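# Close look at the chain arrangement
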Amino acid sequence: MRPDLFQSPDYYLLDELLSDEHKMVRDAARAWVKKEVSPIIEDFAQRAEFPHQIVKGLGEIGGFGPYIPVEYGGAGLDQISYGLIMQEIERGDSGVRSTSSVQSSLVMYPIWKYGNEEQRMKYLPKLATGEFIGCFGLTEPDYGSNPGGMVTNFKDMGDHYLLNGAKMWISNAPFADIAVVWAKNEEGRIHGLIVERGMEGFSTPETHNKWSLRASATGELIFDNVKVPKENLLPNKSGLGAPLGCLDSARYGIAWGAIGAAMDCYDTALRYSKERIQFDKPIGATQLQQKKLAEMITEITKAQLLTWRLGVLRNDGKATTAQISMAKRNNVDMALTIARDARQMLGGMGITGEYSIMRHMMNLESVVTYEGTHDIHLLITGMDVTGFPAFK
């Protein structure tokens, strides 16, 4: 493993827009990634294993529910701090960021927002430290971009609910202690249920043979007549808007995270361009390579401004779903383009595990698809500006 020499680009001096707390939180996450993630991540990605030893550290740097109030075990940070943590973690690896953002936005967030006080006190402190790991069950084998069509369901059996169905492409599933599962009741209304490992009929088979997010554990959630206690129903919000509210928070984190992957690819390519000699000069002295680098830093800077403004709006409670959707789509697409250009700049070395670029590129192929595909987010923006839904 090459030493982690990463230097963060800040072409428009955006650090001047950050508070001292923002910079302290970001720098702590960056230092942790350099020490704990960078030295091991290539090996774990090659072996398609999740590095369980980093879970405690993720909790310590605020990687689990940083905006959750202190009384529930969170750090009580703002939305920009959350974004900066996601940026730094994804600079290390998108799969590690997936574990972090699923725990934060798709497990802790709904328990905090839609749960009752007993549920918050029971689960959130343990999720914040990583003692518990959670997952989020929305996508089904036949319902991805159309989650409202889900067939997973539960019936009221008097003293408990009986849950049946299956979820697919679930990050953290193979080792999750709890799952926040979205299912329809007998009237067809969507509700959230907390399903705990060990409940009879609940299994989490792992998904193998992935070319992407190889250092992240992905699996299915299978529910075969699972008896769920009634106190495990999230009582304070139902309908499709409930899981979509969680996805707003997660997509916001992805918008920041993708910048981290892009910055790592850019920084690697920039350093390589100064060291790699061809035709008696560094390749960074040639016009075509400078064009690539100039376009990379321009797009990173635009994405940084986009997410910073979105963070301000989130802090003020003004950010819309469509605005979050735009940032997720733009920034992941930007990161993919930069990863591909950076890979070309490194030539054959770009496909090896000696550098991070190919791993980022493969990971981003998942990030551009999950939590709303590139095309679906395009249609969300289209509907927002025209008023006409064009999903079907």
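Quantities reported herein were computed from a predicted structural model and do not represent experimental measurements.

Let us look at helix α10 (residues 374–386). Helix length check: α10 (13 residues) gives 19 Å between terminal C-alpha atoms against 18 Å at 1.5 Å per residue, within 8%. Listed as buried for α10 are I376, H377 and I380. The buried side chains of α10 occupy one side of the element, clustering within an arc of 100 degrees when seen end-on. Set apart from the buried face of α10 by more than 90 degrees, the exposed residues are D375 and V385. Contacts from the buried residues of α10 go to α6 (241–275) and α8 (321–345).

Moving on, we get to the pattern of salt bridges. For the structure shown, the criterion picks out 18 salt bridges. In this structure, K122 and E196 form a salt bridge, with 3.3 Å as the shortest nitrogen-oxygen distance. Taken as a pair, K122 in helix α5 (residues 117–129) and E196 in strand β5 (residues 190–196) lie far apart in primary sequence, 74 residues in all. According to the relative accessible area criterion, K122 is partly exposed, its value standing at 43%. Here E196 falls in the partly exposed class, since its relative accessible area comes to 23%. Between R340 and E365 there is a salt bridge, with the nearest N and O atoms lying 2.3 Å from each other. One end of the pair, R340, is in helix α8; the other, E365, is in helix α9 (residues 357–367), and 25 residues separate them in sequence. Taking the relative accessible area as the measure of exposure, E365 reaches 37% and is therefore partly exposed. Here the salt bridges do not stand alone but share partners, grouping D4, R91 and D264 into one network.

The side chains of a regular strand alternate, first on one face of the sheet and then on the other. Of the strand pairs in this sheet, strand β3 (residues 160–171) and strand β7 (residues 218–229) are connected by nine bridges, and their pairing is antiparallel. Within β7, the position partnered with L163 by the bridge is V226. The pairing of strand β6 (residues 202–203) with β7 spans two bridges and is classified as antiparallel. The partner of F202 across the bridge, within β7, is F223.

Turning our attention to the packing of aromatic side chains. According to the stated counting rule, one finds 13 aromatic pairs in the structure shown. Note on Y67 and Y109: the rings are 6.4 Å apart at their centroids and 75 degrees apart in plane angle, and the pair reads as edge-to-face. Taken as a pair, Y67 in the loop between α2 (55–60) and α3 (79–92) and Y109 in helix α4 (residues 94–114) lie far apart in primary sequence, 42 residues in all. In this structure Y67 comes out as buried when scored by relative accessible area, which is 7%. Of the residues examined, Y109 reaches a relative accessible area of 15% and is grouped as buried. Taking 6.1 Å as the distance between ring centres and 40 degrees as the angle between the ring planes, the aromatic pair formed by Y67 and W112 counts as tilted.

Rules of the game
Residues numbered from 1 in each chain as written. Predicted model: local features only at pLDDT ≥ 70, side-chain atom pairs only at ≥ 80, totals over all residues. Heavy atoms only, no water. Helix = DSSP H or I, 4+ residues; strand = E, 2+ residues; numbered from the N terminus. Expected span 1.5 Å × (residues − 1). Buried < 20%, exposed > 50% of the residue type's maximum accessible area, 1.4 Å probe, protein only. Arc of directions from axis to C-beta. Contact = heavy atoms within 4.5 Å. Salt bridge = Lys/Arg side-chain N within 4 Å of Asp/Glu carboxyl O. Pairing = 2+ DSSP bridges. Phe/Tyr/Trp six-rings, centres within 6.5 Å; stacked < 30°, edge-to-face > 60°.

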